[in-house]
Amino acid sequence: SLDCVGLFARDTHVLRLALNHLSLPVAAPLTELPEVAFITAALPEIDTLLMQFLTHAGVQPHRAELPTLADAHRAGIAIISHENWQAFHSLLTSGAVSADVATRIRAGETVSQQTLEEAEQIRQRFTADVDALLAKTPLLALATLPELPPTLAEAADPLSVVNLTRLVRPFNLSGHPALTLPAGELHDRPIALQLVARKGAEGLLVQAAEWLTARRRR
């Protein structure tokens, strides 16, 4: 139930073309970026760099809070674990999956009905919280990853990096469209900015990415 279509592109022009082909038309390029609310959620040095990125582009975001963000991540993990077990537990006897994937599939066996019901309640509460913020501010901005991306060596154990999704999974849970774009480097590792908009506003995300990218090149 959390599956969704995601587009990857080298530049924003390709995203515009792709959305148009998907009957999600993107309006003309923005002359001015709408108001942005920044959610502090990553390591302080990452959040500082992202704020500098926005300021350099001429954006003066105001601070916002989303207290249910962590709860939404945990709810998403519960739901996907349960659904993974339902869909793929038969693979465990075949030896067709790697050890880390098998561990994640097995984790879903013990997800209780009460846990699922609580996860759905969190989904509703988090969705309402995001909708309320977006009713005041058209765009939300926050880090894509809460920490620096791992090296290949650091990611040798895939289970050790599962929680790196804790800033993106919540919007997967709520169903709000989100877009991520490069925003610089920190300690020679890439940093990315995540933008979130109201449901149905995929086009606005592409417009915002175009606007920010154009100013970054100046």
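Above this text is the structure in question.
Residues numbered from 1 in each chain as written. Predicted model: local features only at pLDDT ≥ 70, side-chain atom pairs only at ≥ 80, totals over all residues. Heavy atoms only, no water.

S.K.: Explain the packing of aromatic side chains to me, please; I cannot follow it from the model alone.
M.R.: Centre distance and the angle of the planes are the two values used to describe a pair of aromatic rings. Inspection of the entire model under this criterion finds one aromatic pair. Look at Phe126 and Phe171: their rings are 5.6 Å apart centre to centre, the planes differ by 50°, and that puts the pair in the tilted class. Taken together, the positions of Phe126 in helix H5 (residues 113-136) and Phe171 in helix H6 (residues 169-174) put the pair 45 residues apart, joining distant regions of the chain. The exposure class assigned to Phe171 is buried, which follows from its relative accessible area of 2%. (Phe/Tyr/Trp six-rings, centres within 6.5 Å; stacked < 30°, edge-to-face > 60°. Helix = DSSP H or I, 4+ residues; strand = E, 2+ residues; numbered from the N terminus. Buried < 20%, exposed > 50% of the residue type's maximum accessible area, 1.4 Å probe, protein only.)

S.K.: What exactly am I supposed to notice about the packing of helix H3 (residues 69-88) against H5 here?
M.R.: For any two helices packed against each other, the geometry comes down to the angle between their axes and how far apart the axes lie. As a packed pair, H3 and H5 sit with axes 9 Å apart at the nearest point and diverge in direction by 135°. With respect to each other, H3 and H5 are oriented oblique. Relative to H5, the crossing made by H3 is left-handed. Contacts between H3 and H5 involve Leu69, Asp71, Ala72, Ala75, Ala78, Ile79 and His82 from the first element and Thr115, Leu116, Ala119, Glu120, Ile122, Arg123 and Phe126 from the second. (Axes fitted to C-alpha atoms, helices over the stretch in contact; angles between N-to-C directions. Parallel < 35°, antiparallel > 145°, perpendicular 65-115°, else oblique. Left-handed = near helix turned anticlockwise from the far one by under 90°. Contact = heavy atoms within 4.5 Å.)

S.K.: Would you explain the environment of Asn84 in this entry?
M.R.: Residue position: Asn84 is located in helix H3. A sequence separation of 23 residues divides Asn84 from Ala107, and the C-alpha atoms of the two residues are 8.9 Å apart. Beyond its immediate chain neighbours, meaning those up to four positions away, Asn84 contacts His89 and Ile105.

S.K.: Looking at this structure, I do not really get the nonpolar core. What am I missing?
M.R.: A general feature of soluble globular proteins is that nonpolar side chains tend to end up buried together. Judged by nonpolar contacts, the single largest core of 58 residues is most densely connected at Leu193 and Leu212. For Leu193, the contacting residues outside a window of four places in its chain are Phe38, Leu50, Phe53, Leu54, Ala141, Leu142, Thr144, Leu179, Thr180, Leu181, Ala183 and Leu212. (Core = buried A, V, L, I, M, F, W, Y, C linked by side-chain atoms within 4.5 Å.)

S.K.: How do you make sense of helix H2 (residues 44-56) when you look at a structure like this?
M.R.: An α-helical segment advances 3.6 residues per turn. Residues three or four places apart therefore align on the same side. Over its 13 residues, H2 extends 18 Å from the first C-alpha to the last, a length consistent with the 18 Å expected when each residue adds 1.5 Å. Every buried residue of H2 is listed here: Ile46, Asp47, Leu49, Leu50, Met51, Phe53 and Leu54. Those residues of H2 that are buried lie in contact with strand E1 (36-39), strand E2 (62-64), strand E3 (139-143), strand E4 (178-186), strand E5 (189-196) and helix H7 (202-216). Backbone geometry just after H2 places Gly58 at a positive phi near 90°. (Expected span 1.5 Å × (residues − 1).)

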